[in-house]
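Structural overview for review
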Amino acid sequence: MTLTSYFMEATYLIASILFIFALKGMSHPETARRGMFLAEGGMFAAIVGTLIGAHIVTWVWIIVGLLLGSIIGAWMAIWVPMTAMPQRTALSHAYGALAAALVGIGEFLVHGQEMSMVTRGALGFEIMLGSLTTTGSLIAAGKLQGIIYGKPVQFRGQNIVNLGTFLVMIGLAGFFWIHPDAVIAFYSMLGIAFVFGVLLVIPIGSADMPVVMSLLNSYAGLASAATGFVLGNNVLIIAGTLDGFSGFILSVLMCKAMNRSITNVLFGGFGAVVAESTSNAGGVMREISLDDAAMQLAFASQVVFVPGYGLATAQAQHAVRELAELLEERGVTVRFGIHPVAGRMPGHMNVLLAEANVPYSSLYEMDQINPELPQTDVAVVIGANDVVNPDARDNPKSLIAGMPIIEVDRAKSVIVLKRGQGRGFSGLENPLFFKPCTSMLYGDAKSSLTHLAQAVQHV
Ligand code: NAP
């Protein structure tokens, strides 16, 4: 081994340790930021180690790639708003997976014939996972951005078509594994994997998107791990495996939060019931004035805020913290109920509230806050909709039936802050808004909360 390859292995070891600590850090909101810095450090070490230790054919393309990647990355970091973070994350998965697929094609072109069967097997996985994750993530990003139809796209015989495509793809991979000179089988597997990515994600929509996102994250990680096996690169194997399995664990947790079976989501809606969704919503929505809402809050003993996607779009996290502080100064007990899929990405509400310095001790997970709600005088729903929709609990025919919710309708009264009659991500009507205990305070969440805080001061 040369000195440079020793250096490379040492930086890979450091990078791997940093990745492990990074994951540990990201498991809690308080240490998540530190975790991200550690991950960045690990990635930097891995890149420097590779550039110094590996055999570089030409620097030109590396510099072009570095500049292009940095410009796109900086653009995404600076200009993409926080509310579009899920689409941005889906795009990142697509880029990572496309990189894995392209490296795989390169390896096939250069070393395809002389690869061992083990390496060829890994190459097959890399190509399949990389390609299907690329198109799957692009479809997910398009759905989340609203560029393409966001609802589940289901058609007669879909399960058979999907299963058939999957089996053909696996069959071609097997053929290529046995016959390394089967160029047509290789490129057909590549093409079918791209198509399978689309088929995998189009039947998924409404409230299931968070699970798909974390699953695609997992696939992208596993594609990178397979790339590591093909290239004989340890840090790619370790980082890809960590990413793949942490993404998978997150998918399982998200499934639990959505009350969905992992196998159902794993196979892209195989076995999904194409039922006619119905809603229990009906009647009239009762509007409340700002002063009446402020009065209710000021004289309450316990208030629970339930934030959702609207809090993120309105950037109302600072305004809600200020209102919470004012209420606490008046002796009101204030809590925040956090649904695991509120907003548009895992931990979305935690990140926003942490940014506004809302203490962690005030944040209650869904299972902790639900028993508190019957004793709560006012539950304030801030731009949340699906995560408080009682149809998920009461209506087996609802599209989101079985998804656990924050049961604000069990509180003594509910004030909903939203701009108008807009529906949530699932596109369903919400019977909560028509219940006798509920009143609506219309307007942008940030402006409503700011005005509420002013009104509370005058009570
Ligand atoms: P939601 O169901 O999407 O509802 C958000 C509500 O906020 C809308 O009804 C909208 O009504 C209101 N709103 C929007 N902008 C607002 C503003 N500026 N001020 C006040 N209100 C505003 O949100 P959610 O209850 O948080 O549920 C999250 C949904 O997203 C779930 O279905 C979940 O499955 C899905 N999802 C989650 C993730 C994740 O990882 N967390 C990822 C992808 C999808 P108006 O238009 O009337 O104002």
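Look above for the structure.
Residues numbered from 1 in each chain as written. Predicted model: local features only at pLDDT ≥ 70, side-chain atom pairs only at ≥ 80, totals over all residues. Heavy atoms only, no water.

**Regarding the side chain of Thr 119**
Locating Thr 119 in the fold gives a position in helix 5 (residues 117-145). In this structure the side chain of Thr 119 is engaged in a polar contact, spanning 2.9 Å, whose partner is the side chain of Ser 116. In this view, Thr 119 contacts Phe 229 and Val 230; residues no more than four positions away in its chain are not counted. (Helix = DSSP H or I, 4+ residues; strand = E, 2+ residues; numbered from the N terminus. Polar contact = N/O pair within 3.5 Å; in protein donor to acceptor, adjacent residues only side chain to side chain. Contact = heavy atoms within 4.5 Å.)

**Section: the environment of Glu 325**
Along the polypeptide, Glu 325 turns up in helix 13 (residues 317-329). Taking the C-alpha atoms as reference, Glu 325 lies 59 Å from Thr 58; in sequence the two are 267 residues apart.

**Considering the sheet that holds strand 6 (residues 438-442)**
Taken together, the 6 strands give an open sheet; going across it, the order is 3-2-1-4-5-6, and neighbouring strands pair in parallel fashion. Of all the strands in the sheet, the pair left with one neighbour each is strand 3 (363-365) and strand 6. Adjacent strand axes in the sheet meet at a mean angle of 25°, parallel and antiparallel pairs treated alike. Strand direction decides the pairing type here: strand 1 (residues 302-307) and strand 2 (residues 333-338), joined by 4 bridges, are parallel. Its bridge partner lying in strand 2, Gln 302 is registered against Thr 333. (Pairing = 2+ DSSP bridges. Axes fitted to C-alpha atoms, helices over the stretch in contact; angles between N-to-C directions.)

**Considerations on the packing of aromatic side chains**
Scanning the model with the defined rule gives 7 aromatic pairs in all. Taken together, a centroid distance of 3.7 Å and an interplanar angle of 10° make the contact between Phe 108 and Phe 186 stacked. With Phe 108 in helix 4 (residues 85-111) and Phe 186 in helix 7 (residues 183-201), this residue pair connects regions lying 78 residues apart in the sequence. Overall, Phe 108 belongs to the buried group, its relative accessible area being 6%. When the centroid spacing of 5.6 Å and the interplanar angle of 40° are considered together, the rings of Phe 166 and Phe 196 count as tilted. With Phe 166 in helix 6 (residues 158-178) and Phe 196 in helix 7, this residue pair connects regions lying 30 residues apart in the sequence. Judged by its relative accessible area of 29%, Phe 166 is partly exposed. In this structure an aromatic cluster arises from ring pairing among Phe 108, Phe 176, Phe 186 and Tyr 187. One residue, Arg 330, lies across the ring of Phe 299, its end atom 5.8 Å from the ring centre. (Phe/Tyr/Trp six-rings, centres within 6.5 Å; stacked < 30°, edge-to-face > 60°. Buried < 20%, exposed > 50% of the residue type's maximum accessible area, 1.4 Å probe, protein only. Lys NZ or Arg CZ within 6 Å of the ring centre and 35° of its normal.)

**Remarks on the pairing of strand 2**
Where burial is concerned, most of strand 2 is hidden: 5 out of the 6 residues are buried. Judged from the 3 bridges that link them, strand 2 and strand 3 form a sheet pairing that is parallel. Bridge pairing in strand 3 places Ile 338 opposite Glu 365. Where the polypeptide runs from strand 2 across helix 14 (residues 348-355) and back to strand 3, its parallel neighbour, the crossover connection is right-handed. (Right-handed = clockwise from strand over helix to strand, strands pointing away.)

**Points about helix 9 (residues 234-258)**
A rise of 1.5 Å per residue sets the reference length of helix 9, with its 25 residues, at 36 Å; its end C-alpha atoms lie 36 Å apart and thus fit the reference within 8%. Positive phi appears at Asn 259, one or two residues downstream of helix 9, with a value of about 60°. (Expected span 1.5 Å × (residues − 1).)

**Here we look at unusual backbone geometry**
The bulk of non-glycine residues show a negative phi, and the bulk of peptide bonds are trans. We note that Gln 315 has phi near 55°; this positive angle belongs to a residue other than glycine. Within the secondary structure, Gln 315 sits in the loop between helix 12 (309-314) and helix 13.

**A few points about the nonpolar core**
Counting 72 residues, the largest nonpolar core has Val 303, Phe 305, Leu 323, Leu 327, Phe 336, Ile 382 and Val 408 as the members making the most contacts within it. Filtering out sequence-adjacent residues up to four positions away, Phe 336 remains in contact with Phe 305, Val 320, Ala 324, Leu 353, Val 358, Ser 362, Leu 363 and Tyr 364. Counting residues in each nonpolar core, the second largest holds 39 residues, with Ala 100, Ala 122, Ala 140 and Val 212 among its members. (Core = buried A, V, L, I, M, F, W, Y, C linked by side-chain atoms within 4.5 Å.)

**Section: the packing of helix 4 against helix 5**
At their nearest, the axes of helix 4 and helix 5 sit 7 Å apart, and the two run at 155° to each other. Considering their axes alone, helix 4 and helix 5 lie roughly antiparallel with respect to each other. The way helix 4 lies across helix 5 gives a crossing that is left-handed. Tallied by class, residues from the contact of helix 4 with helix 5 come to 17 nonpolar, 9 polar and 2 charged. (Parallel < 35°, antiparallel > 145°, perpendicular 65-115°, else oblique. Left-handed = near helix turned anticlockwise from the far one by under 90°. Nonpolar A, V, L, I, M, F, W, Y, C, P; charged D, E, K, R; others polar.)

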